[in-house]
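Architecture at a glance
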Amino acid sequence: LPQVLEGILRIFSQAHQGFVVLKDGESGEFVPRAWRGRSGVPSPRARISQTVVRRAIERREAILYRDTTLAANLNTSESISNLGIRSLLCAPLLGKTRQPLGVLQVHSGDRGRRFTADDLEVLVNVAGIMAMAIENARLHEDEMEGARIRRETELASDVQRRFLPARTPDVNGYGFFHFYDAARS
């Protein structure tokens, strides 16, 4: 994610900062996972407007504010004005089933360097590719976890089998029936 943000900041010369917020698999909350400032190093703190992030996630559509001070439907949220954000792009990261995985946002504090509809289109395309990569990475993690569990189960089964006697006991007047099914999980 940090490398993608560095590339995005190279593409959008007017952007001062960018960040990625992803849905946490356990809590279901959307949390910042990566952010970069213009200097190329991680910003000490992501400048995030929850209003914009929530709107992109709920509506499942990208957002462009050429000038946040003129955006009537933004209600000039306190975080936008406090953070000095003047122009921003925010695109949801939508999975294959159009479920939001998170958002990708870049913003500028410079009134003279605004984002355009063409910029939004580029960001939406990058967000689509990122969403696909995130889903693939999660599927790979799931597959790796499944393979680990299968290996551990096979090892446990082998250990259990080694505790069994090599042959049934030979006792006069008695016949033994035996059956063994190894642990599966």
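Just so you know, these numbers come straight off a predicted model, no measurement behind them.

Section: unusual backbone geometry
Phi at Arg60 is positive, roughly 55°, even though this residue is not glycine. Position of Arg60 among the secondary structure elements: in the loop between helix H2 (50-59) and strand E3 (63-65). Positive phi values are uncommon outside glycine, yet Arg98 reaches one of about 65°. Mapped onto the fold, Arg98 is located in the loop between strand E4 (87-94) and strand E5 (100-108).

Some words on the environment of Ala117
Along the chain, Ala117 falls in helix H4 (residues 117-163). A residue is classified by how much of its surface remains accessible, and Ala117, at 42% relative accessible area, is partly exposed. C-alpha separation for the pair Ala117 and Arg66, spaced 51 residues apart in sequence, amounts to 8.9 Å. Ignoring anything within four residues of it in the chain, the contact list for Ala117 reads Leu64 and Arg66.

Looking at the nonpolar core
Most often, soluble globular proteins have nonpolar side chains that are buried together. Judged by nonpolar contacts, the single largest core of 22 residues is most densely connected at Phe12, Leu93 and Leu104. Those elements that place two or more of their residues in this core are helix H1 (2-11), strand E1 (17-23), E4, E5 and H4. Considering each element in turn, this core owes the most residues, seven residues, to H4.

A word on the packing of H1 against H4
Following both chains from N to C, one finds H1 and H4 inclined at 165°, their axes separated by 12 Å at the closest point. Considering the angle they form, H1 stands roughly antiparallel to H4. Once H1 is placed against H4, the crossing between them reads as right-handed. Contacts from Val4, Ile8 and Ile11 of H1 reach H4 at Val122, Leu123, Val126 and Met130.

Looking at the packing of aromatic side chains
Within this structure, the stated rule accounts for one aromatic pair. Between Phe12 and Phe115, the ring centres sit 6.0 Å apart and the planes meet at 80°, which makes this aromatic pair edge-to-face. You can see Phe12 sitting in the loop between H1 and E1 and its partner Phe115 sitting in the loop between E5 and H4, a full 103 residues away along the chain. Under the relative-accessibility criterion, Phe12 is labelled buried at 2%. Its relative accessible area of 1% is what places Phe115 among the buried residues.

Rules of the game
Residues numbered from 1 in each chain as written. Predicted model: local features only at pLDDT ≥ 70, side-chain atom pairs only at ≥ 80, totals over all residues. Heavy atoms only, no water. Helix = DSSP H or I, 4+ residues; strand = E, 2+ residues; numbered from the N terminus. Buried < 20%, exposed > 50% of the residue type's maximum accessible area, 1.4 Å probe, protein only. Contact = heavy atoms within 4.5 Å. Core = buried A, V, L, I, M, F, W, Y, C linked by side-chain atoms within 4.5 Å. Axes fitted to C-alpha atoms, helices over the stretch in contact; angles between N-to-C directions. Parallel < 35°, antiparallel > 145°, perpendicular 65-115°, else oblique. Left-handed = near helix turned anticlockwise from the far one by under 90°. Phe/Tyr/Trp six-rings, centres within 6.5 Å; stacked < 30°, edge-to-face > 60°.

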